[in-house]
Amino acid sequence: MRQSRFFIQTLREVPAEAEVSSHKLMLRAGMIKRVAAGIYNYQPLGLRVIRKVENIVRKCMNEAGAVELLLSMVQPAELWQASGRWTHYGKELLRFKDRGGREFCLGPTHEEVITDLVSGTVNSYKQLPLNLYQIQTKFRDEVRPRFGLMRGREFIMKDAYSFDIDEEGAEKSYKKMYDAYCRVFESCGLRYKVVDADSGSIGGSFSHEFMVLADTGEDAVISCSSCSYSANVEKAVVADTCKDEGEAPLKSEEVATPGLHTAAEVAEFLGVDLKKVPKTMIVKVEGVKENGKSADKLVAVIVRGDHEVNLAKVKNLLGGAGADFAEPGEVIKAVGCPVGSLGPVGMKLPVYMDNALKHAKNLVVGANRDGYHIKNVNAGADYEAPVYADLRNAVPGDICPECGGVYELTRGIEVGHIFKLGTKYSASMDAKVLDKNGRAVPFVMGSYGIGIGRTAASAIEQNNDEKGIIWPKAIAPFEVVVIPMNTNEDDVVNAADSIYGELLAKGADVIIDDRNERAGVKMIDSELIGYPLRVSVGRKGLAEGKVDISVRGTGETVSVPAEKAAEEVMRILAGLN
RNA sequence: CGGGGCGUAGCGCAGCUGGUAGCGCACCUGUCUUGGGAACAGGAUGUCGCAGGUUCAAAUCCUGUCGCUCCGACCA
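Source: prediction; values computed, not measured. (Residues numbered from 1 in each chain as written. Chains lettered and ligands numbered in written order. Predicted model: local features only at pLDDT ≥ 70, side-chain atom pairs only at ≥ 80, totals over all residues. Heavy atoms only, no water.)

Q: If you had to explain the overall build of chain A to someone new, which residues and values would you point to?
A: A count of helices and strands for chain A gives 15 helices and 31 strands. Across chain A, contacts joining residues at least 24 apart in sequence account for 69% of those joining residues at least 6 apart. Summed over all atoms, the accessible surface of chain A reaches about 26400 Å², with 49% contributed by carbon and sulfur. Across chain A, the mean location of the 72 positive side-chain charges is 2 Å away from that of the 80 negative side-chain charges. (Helix = DSSP H or I, 4+ residues; strand = E, 2+ residues; numbered from the N terminus. Contact = heavy atoms within 4.5 Å. Areas by Shrake-Rupley, 256 points an atom, 1.4 Å probe, with all protein chains shown as cover. Lys, Arg positive; Asp, Glu negative; His and termini not counted. Charge placed at Lys NZ, Arg CZ, Asp CG, Glu CD.)

Structure, rendered in structure tokens:
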């Protein structure tokens, strides 16, 4: 490729829209351009990266036995109504009508379409297991698109769906995808971590997230310092290590705390440790099944003052469909006291306490009376022992339930997510297959996603410096750039051309920067764009028959004889990752 | 959805105590230059987001509207 013909324009200044380094650098390097909020054009340079990521994904998926297809992007409402998600998916689903008034949506994911397709095609267990995937543009009308390709509304995703006759088969399929995903991210040259995750709105029984480690990541990841356990903060299980310290219980006493509402304010006012001042939150858990009926239920959740309530854990404990903090109005109606002075003593709602409070003595809690708290409160003496459970977010220093090690907190970017769906979709959409006994049973499914653009962006997030991008070789737009430093000198131009030709002949992924620009401009652009290797062909070096090869990642430069240049480039490339 | 900021040339911005638009980079022509974003000379580029209103006169003031963006609950 000749750069003069390549439709590329680098920017010296960062467009105001960009906040994180991957976004800034992709814009400056002329790889993407914004069309509307969360919607981007991929320019040739950016597209090459996207295609390389796609091809790595494709290769790993094919090796794992998955088969590529392409599903429709515009999807009829009926399919979504059948699964129940037409009403549940929410505003992220972009809906519209055709000329006949029929309702459609742009596919944000394809469980419905694929389930419908497979159930109409596969009739016998003999046709299973089956794993189908596609690489396609998705649309999710995100609340807040940001960070360029990191969180677009229109984005390219690889999604795969597995179909098995039973749980055992589904687990094998899941494991295959798990392994394939590891190979994908390794092949892309990324540092990543596999994390236990909550399955969220896609639903299903268990799931893992693949996180690329980066300080700018939007997700907090808890990982154990001594074993391999790691999990999303949402999901991380906290070991119950609360011990009885043998503190003698004191007699409780009500104190006035006018105008003090947060645990921190009360702790400071009374001069006690924040750990002794639990906070009481009223949580509304939706769709709790009781006596065969499903209803919303209000409960009091109490965690230590220095901890955070984890709504997902509350939801799971109560078996609800969702959970959120109750509105202030609902709280007053239910317990007769506003938020800020709540506590377990005389609480009208069922009380759930975090494990960390199991043996806590002499606590300071709200009196359920506005402006009052109670000191020296103890379970048993002052309130009935509540249900204790793991109800909070993990924090660094917590103990790992697997091995007893200590938790650490890192940040990551979620680039892949795999779900074991079970029969969630096949059952609701009545997608069945005949088993060995001739009985119709629902498919046992899994779904598996990789954000292609996000993977590319996270590679930049992980590999850049003040000059620009440092692409891992596997997904660099080109592996090598050849720069004729003096385009007005025939010797230089010819020498560069011939090295370029030799590299092409050797199968290198090479571009020649033949633009009639000054040497400095081309060097700076090559560093911004982040080609792993650069061959500088200039008058000075050529006087001694030499050219320079520089490695973007390390900054090292070696001078080699011009006629050996191509060979040397291939040798260095082979050692790069 | 809640809270802040911004819409002026391809990009970054100034102009906003009303008088009909400017700077840097990029772009075009020429000279010169070519191993780290050269210099000089000349040139082209705008429905000042949109719609109303106030005024002799609006980028500037008022109202509305649309879009973008940043901070908090979701996801590849």
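Q: An account of the protein's contact with RNA strand B is needed here, citing residue identities and associated values.
A: Close to RNA strand B lie 54 residues, the nearest being R144, N486, N488, M523 and E527. Of all RNA strand B atoms lying within 4 Å of any protein atom, the proportion belonging to sugar or phosphate reaches 50%. In the environment of RNA strand B, a base oxygen lies 2.9 Å from a nitrogen or oxygen atom belonging to the side chain of R28. One of the backbone N or O atoms of V415 is found 2.9 Å from a sugar or linking oxygen in RNA strand B. Among the secondary structure elements, those contributing two or more residues to the surface near RNA strand B are β1 (32-36), β8 (154-164), β21 (407-422), α13 (519-529) and α14 (539-543). Take the surface near RNA strand B: its biggest share by element is seven residues, from α13. Of the residues in the surface near RNA strand B, the class split is 16 nonpolar, 13 polar and 25 charged. (Near = heavy atom within 4 Å. Polar contact = N/O pair within 3.5 Å; in protein donor to acceptor, adjacent residues only side chain to side chain. Nonpolar A, V, L, I, M, F, W, Y, C, P; charged D, E, K, R; others polar.)

Q: Hey, could you go over the packing of aromatic side chains for me, with residue numbers and the actual values?
A: Following the criterion strictly, the structure yields 13 aromatic pairs and no others. Judged by centre distance (6.3 Å) and plane angle (50°), the ring pair of Y174 and Y448 falls under tilted. Within this pair, whereas Y174 is found in helix α6 (residues 167-187), its partner Y448 is found in strand β24 (residues 444-451), the two being separated by 274 residues in sequence. Y448 matches Y174 in its accessibility class, with the two residues each being buried. Members of the aromatic cluster, connected to one another through ring pairs, are Y178, Y181, F185, Y192 and F210. The ring of W86 carries the charged tip of R95 above its face, separated from the ring centre by 4.7 Å. (Phe/Tyr/Trp six-rings, centres within 6.5 Å; stacked < 30°, edge-to-face > 60°. Buried < 20%, exposed > 50% of the residue type's maximum accessible area, 1.4 Å probe, protein only. Lys NZ or Arg CZ within 6 Å of the ring centre and 35° of its normal.)

Q: Give a detailed account of unusual backbone geometry, specifying residues and quantitative values.
A: The linkage connecting L128 with the following residue, P129, adopts the cis geometry, with an omega of 0°. Here P129 lies in the loop between α5 (111-121) and β7 (130-139). Unusually for a residue other than glycine, F147 sits at a positive phi of about 60°. Along the chain, F147 falls in the loop between β7 and β8. Judged by its relative accessible area of 18%, F147 is buried. Positive phi outside glycine occurs at N376, with the angle close to 55°. The residue N376 is located in strand β19 (residues 372-377) in this model.

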